[in-house]
Amino acid sequence: MVSSATEYHNAVSYGRGRLSGLGLDWDNEPSTFKTYGDLPPLPLNRDAGLPQATLWSALGRSRASRTHASRTLDLDALSAVLFHAAGLTRSCPHRGGMMFYRACPSAGALYPCEIYVQWPGGAGLGQGLYHYGVAGHGLTLLRPGNTTPASLGLPGEAGEALFFVSSIFFRSAWKYRARAYRYLNLDTGHVVEGLALGLAAHEVDASVELDFDDRAVNGFLGVDPAREGCLAVLRAACRDADGLAEPGPLPAGAAAWSRAGGADTLPAQLASVHGLCMERFRQGEGMPRPEASHLGQGLNWQDLPPLPDTAPATDLFRAMALRRSRRAYSHDRLPDGALGQVIEVLGAPLHPSGHPCENACLAGFLALPGFFLLNRTALRAAEVRDGNMGPAMAGICLDQHWMRDAALQVVFLADLPALEETLGPRGYRAALIGAGRLGHRLYLAAESLGLGACGVGAFYDGEAADVLGLPPGVGMLYAVTVGVPRRAGPKKTLAGCR
Ligand SMILES: Cc1cc2nc3c(=O)[nH]c(=O)nc-3n(C[C@H](O)[C@H](O)[C@H](O)COP(=O)(O)O)c2cc1C
């Protein structure tokens, strides 16, 4: 049991020499696909036309979303948005079967996230709550009708489409044990950002909601709240909605489909921190700008140099479909302008102006050489520490030596006691989801620029704080490396991968 999110974060910290005995129980490997037995999924169009957009234009759209008329979400757009956030994009032989990789990265490729869509009707799809079946790229109707956002503790109108991103806890806990709550939320952030960018590229106004009534939402989705929980919701504009009809009944025994393995008992600390994070946000001013944070106070803040006007032309949806975790870097510096273009994608706000969670997660980067803290939305930075800390970070990240060759390491941090004091324990969830969302942008920026990126969630927490010079209470949540892919020599291929 833990009594605060800060206590949880510290309790599941990794320490050198303390990781032995964490073997995997292959006989109890969780399934990564949720199905609803005999309920027939409605196949979605795999060849839906895609709008032209780049990561940078989609982020510009989300920055300016309230000043342009929103398009309405239709069934083809829904199909494309779901596929490019979480669809199957690659398969490989694995342990006598096949391993499927997805548009979203996932810690340990365990894919804990599920997506449910409350469709308000119109565009050829009846009003109802649907589950997105990743394996068959289809939607399974769980209950007809609609509900009001207010009944779920959400803002907004009844005619909007709602995307619920849940996590099946045991999928990640099977490998990462109690530490898995970190990964569940980081993974959620990746999926949320994939959905948000897909919607923005379709010019559909959308917002990410982190404050809702968890119990009401989980009940509405019909998940088993001890095994699966909704961690984030997106609201998307829909103009052709049908009138409001009461939600119909859920399929009999729906909650049983949240089970991911035979013996899916959860570590007590995970269940306990999730219970704390289910409480709504404390109402208040929100987290301060990085300049006013414990880490940022007293530093010499400067504007980042202006970027050249040549935004990369690579198509966003292509980058989303081709994205992979890339770890073989050439040790080269990033090409001219690329550092700025990568950092720029962090600048688009995660939430509407003044949202209390915008600065829940702090971003910094290691390059040049030095460790710099960012004010993302103002594109300002301040050096925290001088020197080349990249190689030390590779050691800190459980000796993942490939990280030494990364040209850029972006780190996501949180001032945990301040976060909890200001927003309540749910602020911890917001910080992790924010880190996952920003990490997803880095993956897609790298893919768009012909670079490689890889998320890193495994690190010795205390050593990371020492090397980065973090004040007490500030902890590392996540890191994402970016580098120039190594191209020389014969390409290693895995027979059977496509
Ligand atoms: C939250 C998170 C943490 C991760 N941590 C690591 C890590 O520590 N080391 C690593 O090599 N890859 C890490 N990855 C990358 C995953 O291993 C990778 O996403 C997964 O194997 C699927 O492969 P793909 O990204 O190429 O589709 C992480 C990914 C996420 C989303």
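Residues numbered from 1 in each chain as written. Predicted model: local features only at pLDDT ≥ 70, side-chain atom pairs only at ≥ 80, totals over all residues. Heavy atoms only, no water.

Enquirer: Go over the overall build of the protein with me, naming the residues and quoting the values.
Expert: For the protein, the count of helices and strands is 13 helices and 16 strands. For the protein, the C-alpha radius of gyration of 21 Å lies close to 23 Å, the compact-globule estimate for 498 residues. The principal-axis extent of the C-alpha atoms belonging to the protein is close to 60 × 55 × 50 Å. Here the protein holds 498 residues, and 56% of them are scored as buried. Taking as baseline every contact in the protein between residues at least 6 positions apart, the subset at least 24 positions apart corresponds to 82%. Put simply, the protein shows about 19700 Å² of open surface, and 52% of that area lies on carbon and sulfur atoms. (Helix = DSSP H or I, 4+ residues; strand = E, 2+ residues; numbered from the N terminus. Rg over C-alpha atoms; globule rule 2.2 N^0.38 Å. Buried < 20%, exposed > 50% of the residue type's maximum accessible area, 1.4 Å probe, protein only. Contact = heavy atoms within 4.5 Å. Areas by Shrake-Rupley, 256 points an atom, 1.4 Å probe, with all protein chains shown as cover.)

Enquirer: Describe the nonpolar core, naming the residues involved and giving the relevant values.
Expert: In this structure, L73, L82, F163, L195, F412 and L413 are the most contacted members of the largest nonpolar core, which totals 147 residues. Ranked by the residues each element gives to this core, the list is headed by helix α5 (residues 180-201), at 13 residues. Domain assignment of the residues forming this core places at least three in each of domain 1 (7-267) and domain 2 (290-483). Each residue touching F163, except ones within four places of it in the same chain, is listed here: L73, L78, L82, I115, Y116, V117, L195, L199, A232, V233, L234 and A236. (Core = buried A, V, L, I, M, F, W, Y, C linked by side-chain atoms within 4.5 Å. Domains from an automatic or database assignment.)

Enquirer: Before we move on, can you summarise the domain arrangement of the protein with the specific residues and values?
Expert: Examined at the domain level, the protein breaks down into domain 1 (7-267) and domain 2 (290-483). Using only C-alpha atoms to locate each centre, domain 1 and domain 2 end up separated by 24 Å. Residue-level contacts link 50 residues of domain 1 with 51 residues of domain 2. A combined buried area of about 4300 Å² lies between domain 1 and domain 2, and 61% of that area is made up of carbon and sulfur atoms. Sorting the residues of domain 1 by area buried against domain 2 places R16, W56 and L210 first, and these three jointly supply 18% of that buried surface. Summed over the shared surface of domain 1 and domain 2, the result is eight salt bridges. For R437, the salt bridge is made with E193, and the minimal N-O distance between the two is 2.6 Å. One can count 25 residue pairs in polar contact (both at pLDDT 80 or more) joining domain 1 with domain 2. Where the side of domain 1 that touches domain 2 is concerned, the elements lending two or more residues are α1 (5-11), α2 (55-63), β2 (88-94), β3 (97-102), α5 and β9 (228-236). (Buried area = accessible area lost by both parts, 1.4 Å probe. Salt bridge = Lys/Arg side-chain N within 4 Å of Asp/Glu carboxyl O. Polar contact = N/O pair within 3.5 Å; in protein donor to acceptor, adjacent residues only side chain to side chain.)

Enquirer: Can you explain the site of the ligand? Please cite residues and give values.
Expert: The environment of the ligand is made up of 22 residues, and the closest members are R323, R324, S325, R327 and Q400. Contacts to the ligand include R324, whose side-chain N or O atom sits 2.8 Å from an oxygen atom. Within the backbone of G455, one N or O atom sits 3.2 Å away from a nitrogen atom of the ligand. Across the complex, the protein chains shield 89% of the 620 Å² of accessible surface that the ligand would expose by itself. Secondary-structure elements contributing two or more residues to the shell around the ligand are α5 and β15 (452-456). A class-by-class count of the residues in the shell around the ligand yields twelve nonpolar, six polar and four charged. The two domains that each donate at least three residues to the shell around the ligand are domain 1 (7-267) and domain 2 (290-483). (Near = heavy atom within 4 Å. Nonpolar A, V, L, I, M, F, W, Y, C, P; charged D, E, K, R; others polar.)

Enquirer: Break down the pattern of salt bridges for me, citing the residues and quoting the values.
Expert: Counted according to the given criterion, the structure contains 24 salt bridges. Across the pair D461 and R179 runs a salt bridge, and its minimum N-O distance is 3.0 Å. In this pair, D461 is assigned in helix α13 (residues 461-468) and R179 in the loop between α4 (169-176) and α5, connecting sequence segments 282 residues apart. Pair check on accessibility: D461 and R179 agree, each one buried. Where R259 meets D264, a salt bridge forms, and the shortest distance between an N and an O atom there is 3.4 Å. According to the relative accessible area criterion, D264 is buried, its value standing at 9%. Here the residues in one salt-bridge network are D224, R227, R259 and D264, joined through shared partners.

Enquirer: Could you give an account of the packing of helix α11 (residues 416-423) against helix α12 (residues 426-448), naming the residues involved and the relevant values?
Expert: Packed helix pairs are specified by the crossing angle of their axes together with the interaxial distance, meaning the distance between the axes. Interaxial distance between α11 and α12 falls to 7 Å at its minimum, and their mutual angle equals 120°. It follows that α11 is oblique to α12 by the angle criterion. From α11, L416, L419 and L423 reach across to α12, where they touch G427, Y428 and A431. (Axes fitted to C-alpha atoms, helices over the stretch in contact; angles between N-to-C directions. Parallel < 35°, antiparallel > 145°, perpendicular 65-115°, else oblique.)

Enquirer: Explain the sheet that holds strand β11 (residues 362-366) to me, and be specific about the residues and the numbers.
Expert: Read from one edge of the open sheet, seven strands run β10-β13-β12-β11-β14-β16-β15, paired in antiparallel fashion. Where the open sheet ends on each side, the last strands, each with one partner, are β10 (301-303) and β15. In this sheet, adjacent strand axes meet at a mean angle of 30° when their direction is disregarded. Sheet analysis places strand β14 (residues 408-415) next to strand β16 (residues 474-483), joined by eight bridges and oriented antiparallel. (Pairing = 2+ DSSP bridges.)

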